[in-house]
Amino acid sequence: MSYTKTDMLSHKIIEILKEHSDEKHPLTQQQICGYLEEKLGIKPNRKTVAQHLKSIIGDESCNVFIADKDNDDDDDDKSDKKYITDIYYASDITAEEYEFLADSIIYSPMLPADYVRDLIKKINILSTGNTKSKEANLRETFHYGNKSIFLVIENIKEAMNTNRKLDVTISDYDKNGKLLTKSDPQSGIKLQRVMLSPYGIVMADGFYYLLASDVRYDDLRHFRIDKILKASICEEDGSMRDVKTLSNVPRDLKPVQYKNLNRYMLDGTVERIHINIKKKDISLVLDTFGNEFTCNKVIGNDDIYDVTFRANIQTAVRWAIANRKAVKLTSPKKAVDIVKEEISALSEMYGNQER
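Residues numbered from 1 in each chain as written. Predicted model: local features only at pLDDT ≥ 70, side-chain atom pairs only at ≥ 80, totals over all residues. Heavy atoms only, no water.

A. Structural detail: the side chain of D167. With respect to the helices, strands and loops of the structure, D167 is situated in strand β4 (residues 166–170). Classification of D167 by relative accessible area gives buried; the value is 18%. A polar side-chain atom of D167 sits 2.5 Å from a polar atom in the side chain of R193. Other than its neighbours up to four places away in sequence, D167 contacts R193, V194, M195, K230, A231, S232 and C234. (Helix = DSSP H or I, 4+ residues; strand = E, 2+ residues; numbered from the N terminus. Buried < 20%, exposed > 50% of the residue type's maximum accessible area, 1.4 Å probe, protein only. Polar contact = N/O pair within 3.5 Å; in protein donor to acceptor, adjacent residues only side chain to side chain. Contact = heavy atoms within 4.5 Å.)

B. Quick peek at the sheet that holds strand β5 (residues 192–204). In spatial order, the strands read β7-β6-β5-β4-β8; together these 5 strands make up an open sheet with antiparallel pairing. For this open sheet the edge positions go to β7 (221–224) and β8 (228–233), each flanked by a neighbour on one side alone. Each neighbouring strand pair of the sheet contributes to a mean axis angle of 45°, computed without reference to strand direction. Looking at chain direction, β4 and β5 are connected through 5 bridges and run antiparallel. Residue I170 lies in a different strand from β5, and its bridge partner there is Q192. Relative to the sheet, helix α8 (residues 149–161) contacts β4, β5, β6 (207–214) and β8, its axis offset from that of β5 by approximately 95°. (Pairing = 2+ DSSP bridges. Axes fitted to C-alpha atoms, helices over the stretch in contact; angles between N-to-C directions.)

C. The arrangement of unusual backbone geometry in detail. Cis peptide bonds are those with omega within 30 degrees of zero, and the linkage from S331 to P332 qualifies with 10°. For D205, which is not a glycine, the phi torsion comes out positive at approximately 55°. For D205, the location among the structural elements is in the loop between β5 and β6. Of note in the backbone geometry, M265 takes a positive phi value of approximately 50° without being a glycine. Secondary-structure assignment places M265 in the loop between α9 (255–261) and β9 (270–278).

D. Quick look at helix α12 (residues 333–351). For α12, which comprises 19 residues, the first-to-last C-alpha distance of 26 Å matches the rise-based estimate of 27 Å (1.5 Å per residue) to within 8%. Inspection of α12 places A335, V336, I338 and V339 among the buried residues, and these make up the whole buried set. For α12, the angular spread of buried residues about the axis comes to 155°, placing them on one side. The exposed residues of α12 that point more than 90 degrees off its buried face are K333, K340, E341, E348 and G351. Where the residues of α12 are buried, they touch α11 (313–322) and β12 (327–331). (Expected span 1.5 Å × (residues − 1). Arc of directions from axis to C-beta.)

E. Broad picture of the packing of aromatic side chains. A complete count under the given rule lists 7 aromatic pairs for this structure. A ring pair is formed by F142 and Y144, whose centres lie 5.0 Å apart and whose planes are at 80°; its orientation type is edge-to-face. Judged by centre distance (5.1 Å) and plane angle (80°), the ring pair of F289 and W319 falls under edge-to-face. With F289 in helix α10 (residues 283–289) and W319 in helix α11, this residue pair connects regions lying 30 residues apart in the sequence. Given the relative accessible area of 2%, W319 is considered buried. One aromatic cluster is present, formed by F142, Y144, Y173 and F207 through successive ring pairs. Positioned above the aromatic ring of Y217, the side-chain terminus of R221 is 4.1 Å from the ring centre. Across the ring face of F207, the terminal group of R224 is positioned such that the distance to the ring centre comes to 3.8 Å. (Phe/Tyr/Trp six-rings, centres within 6.5 Å; stacked < 30°, edge-to-face > 60°. Lys NZ or Arg CZ within 6 Å of the ring centre and 35° of its normal.)

F. Region of interest: helix α2 (residues 29–40). A rise of 1.5 Å per residue sets the reference length of α2, with its 12 residues, at 16 Å; its end C-alpha atoms lie 16 Å apart and thus fit the reference within 8%. Inspection of α2 places Q29, I32, C33 and L36 among the buried residues, and these make up the whole buried set. Buried residues of α2, viewed axially, fall in a sector of 100°; they line one side. The outward face of α2, more than 90 degrees from its buried face, is lined by the exposed residues Q30 and E38. A positive backbone phi angle near 75° is found at G41, which sits one or two residues after α2.

G. Local environment of the sheet that holds β12. In spatial order, the strands read β10-β11-β9-β12; together these 4 strands make up an open sheet with antiparallel pairing. Every interior strand has two partners, whereas the edge strands, β10 (294–298) and β12, have only one. Within the sheet, the average angular offset between the axes of one strand and its neighbour, ignoring direction, is 30°. Judged from the 9 bridges that link them, β9 and strand β11 (residues 301–312) form a sheet pairing that is antiparallel. Directly across from I277, in β11, lies its bridge partner Y305. This element, α11, spans β9, β11 and β12 of the sheet and lies at about 145° to β11.

Set out below in structure tokens:
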């Protein structure tokens with residue numbers, strides 16, 4: 001008997017070995033029979049399972065082996081043999097890498113939960129990671145529900161590859177996390193239809209963003225892709241605008257650079273930011289803005305750094321307020337003024353509350 005892909009029992013045995021075995025956790029024939037009974041709802045004949053295992057081992061493409069080579073003999077029904085698959089080593093992915101990949105998918109709120117569940121099942125064959133804990137994490141993690149997101153991404157990429165504009169309809173989510181398909185005056189959500197020249201896609205905080213220019217304006221903007229209901233390629237008069245003609249684009253700007261300059265993906269211009277920060281808290285700058293900054297000592301104070309970097313001005317304001325015990329924003333003046341206005345508004349909001 002030789003193994004073929006149409007052999008269902010052999011296929012199930014290989015699936016069980018992929019999911020439950022590795023070099024440190026080999027499975028006996030009895031354990032394999034137990035999993036088959038659990039998954040198929042039948043009690044398989046042990047002699048038949050032993051014959052299938054022998055055939056599978058004889059097919060090198062299956063990557064299934066007997067763990068204890070010294071125990072390899074011609075007794076097909078010897079139940080103390082232990083079997084493993086080295087599919088994980090052949091695919092060059094470790095259990096830790098699998099964990100990272102699975103978590104990256106699970107904690108992406110833009111992906112619909114049912115899609116995440118199916119994708120986790122697909123990548124489970126790459127590792128013997130704790131799939132039950134991953135399923136629990138998925139149940140406890142909130143996901144939005146735009147089921148058209150990958151069709152939208154496909155059309156965006158095609159538009160970029162063919163140098164065409166996009167006709168895009170943008171919506172928003174209601175209080176239940178449902179993406180509305182029409183305007184809703186009661187919630188204040190209005191559908192927007194805009195014509196865009198698409199230049200790139202970046203990911204920030206678990207969301208995909210489209211970098212594009214609206215034909216009505218001359219600057220580069222970003223749009224959260226999971227909020228796009230549909231994106232159609234313009235066939236007539238649809239050539240993209242040259243990105244170099246936009247007013248707020250530095251020379252040779254790449255999508256990842258845009259993300260670095262626009263942490264939190266807020267509206268606002270990118271400018272040179274100056275701050276004073278306590279030496280022990282310099283990692284706050286690294287965590288948010290990366291390592292593209294200059295750092296000097298403040299004269300007369302050995303515990304403070306004077307730091308300069310480029311960033312979205314609204315991002316710098318939000319970040320400075322959030323880290324106000326360690327950070328003082330010193331310029332540009334309009335950023336300092338925004339901080340003062342925000343602090344004043346917060347003081348008024350919370351100061352008038354009754355205790």
